[in-house]
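Overview (structure and organization)
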Amino acid sequence: MIQDKIDAIKLKIETIADKIDNSKSFTELKMALLGKNGEISALMKNMRDVPPEQRPEVGKIINSLRDWANARLDEIEAGVKKKELSELYKAEKIDVTLPGVRHERGSFHPNTLIRQQLIDIFSGMGFEIFEGPEIENDYYNFTALNTPKDHPARDMQDTFYLTDELLLRTQTSAGQIRVMENKKPPIKILSPGKVYRSDDDATHSPMFSQMEGLVVDKGITLCDLKGMLDVFAKKIFGENVKTRLRPSYFPFTEPSVEVDVSCFECGGKGCRLCKGTGWIEVLGAGMVNRHVLEGCGIDPDVYTGFAFGMGIERIAMLKYGINNMKLLFESDVRFLKQFKD
Ligand code: DAH
């Protein structure tokens, strides 16, 4: 009787052994045989039904069945582990010959490129960088720049006022005053930064960037300004460009000039870029007004200076042929990735 059961269990293990191919079904088999309610454990429990004189004999048979089953299960388990490991190796195998995933390389924003070029050019001429605050006092942005409260020139720049006295700076020229108040000549500074005006069309934006320059020392003349601008223009727009000064007006410079460069697109013959004139306006400049020097405690009879200010977006648009300023603020990668240097 007991032998029949044992044979049945052995047969069951042998028929099923080949089909056990993963840890889960192996554990199920093991539990079904040797678990608390497993078939072999049940045989042990049933010993109490066996007549006492037969118990040692039957006990021996069941023990040897358990030993056999344990050994057989060890073999099955070893096979399952080997198979699972080789499947894992296969799944995790890396083909090093496959082409890699290409990562897009970023590029600098045209504004950053121009800003860097300008800083390179002017620091090569000995200019130091000064960065003033974007929230500025009315005094630094206007009054100290010879543009008092009722001055009509304030209309040239639509201003975002925060309070009666605080505003978003409309021009980096404000930095000139901060520098001259704190430093005595010789002064040679370059002041890049963001400025704000209530203005919005294809060539104007409420926020844009400017680069201001200021030189103050004994004996500085308009010729020094012109000579320096010639070098700047050639480095930015190409060796063949020429510069010219046109009379203009800014409250903080006297005389004031508008600086044009000969058209680098047509060489001065006249084209769409220069609107047929052969010249392109690039910046405003002039000799620092003596009232401005005086207001900063610098004696205008001893020292003179020149200043200039340009829009970085404007230079970027001219140099790279960008026709709408919005493109510089939209951050569309299809646009931005065209600028590599
Ligand atoms: N601040 C002027 C503007 O925003 C530009 C400018 C003109 C700056 C003449 C200067 C200068 O330093 O001398 O329109």
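Throughout what follows, the structure given in this document is the object of discussion.

Thresholds, definitions, all that
Residues numbered from 1 in each chain as written. Predicted model: local features only at pLDDT ≥ 70, side-chain atom pairs only at ≥ 80, totals over all residues. Heavy atoms only, no water. Salt bridge = Lys/Arg side-chain N within 4 Å of Asp/Glu carboxyl O. Helix = DSSP H or I, 4+ residues; strand = E, 2+ residues; numbered from the N terminus. Buried < 20%, exposed > 50% of the residue type's maximum accessible area, 1.4 Å probe, protein only. Patch = residues over 30% accessible without salt bridge, like charges linked within 9 Å, V, L, I, M, F, W, Y side chains within 5 Å. Areas by Shrake-Rupley, 256 points an atom, 1.4 Å probe, with all protein chains shown as cover. Lys, Arg positive; Asp, Glu negative; His and termini not counted. Charge placed at Lys NZ, Arg CZ, Asp CG, Glu CD. Near = heavy atom within 4 Å. Polar contact = N/O pair within 3.5 Å; in protein donor to acceptor, adjacent residues only side chain to side chain. Nonpolar A, V, L, I, M, F, W, Y, C, P; charged D, E, K, R; others polar. Phe/Tyr/Trp six-rings, centres within 6.5 Å; stacked < 30°, edge-to-face > 60°.

1. Considering the pattern of salt bridges
A pair can form between side chains of opposite charge whenever their charged atoms are brought close. Tallying each qualifying case throughout the model produces 17 salt bridges. Notably, a salt bridge pairs glutamate 136 with arginine 178, separated by 2.7 Å at the nearest N-O pair. Remark: arginine 178 occurs in helix H7 (residues 174-182) and glutamate 136 occurs in strand S2 (residues 135-137); sequence separation between them is 42 residues. Exposure remark for glutamate 136: the relative accessible area of 2% places this residue in the buried category.

2. Overview of a negative patch on the surface
A surface patch of like charges, here negative, comprises Asp155, Asp158, Asp199 and Asp201. For aspartate 199, the location among the structural elements is in the loop between strand S4 (187-196) and strand S5 (207-217).

3. Considering the site of the ligand
In the vicinity of the ligand lie 16 residues, with Gln171, Ser173, Arg197, Gln210 and Glu212 positioned nearest. At 2.7 Å, a side-chain N or O of arginine 197 approaches an oxygen atom of the ligand. Contact distances for the ligand include 2.8 Å between an oxygen atom and a side-chain N or O atom of glutamine 210. For the ligand, whose free accessible area comes to 360 Å², the fraction covered by protein is 91%. For the shell around the ligand, the secondary structure elements donating two or more residues are S5, strand S8 (279-288) and strand S9 (304-311). When the residues that make up the shell around the ligand are grouped by side-chain class, the tally is five nonpolar, nine polar and two charged.

4. Points about the packing of aromatic side chains
With the rule as written, the count across this model stands at ten aromatic pairs. Taken together, a centroid distance of 5.7 Å and an interplanar angle of 25° make the contact between phenylalanine 122 and phenylalanine 232 stacked. With phenylalanine 122 in helix H5 (residues 110-124) and phenylalanine 232 in helix H8 (residues 222-237), this pair connects stretches of sequence that are 110 residues apart. Classification of phenylalanine 122 by relative accessible area gives buried; the value is 0%. An angle of 75° between the planes, with centres 6.3 Å apart, marks the rings of phenylalanine 127 and phenylalanine 308 as edge-to-face.

All we've got here are geometric facts, nothing functional implied.
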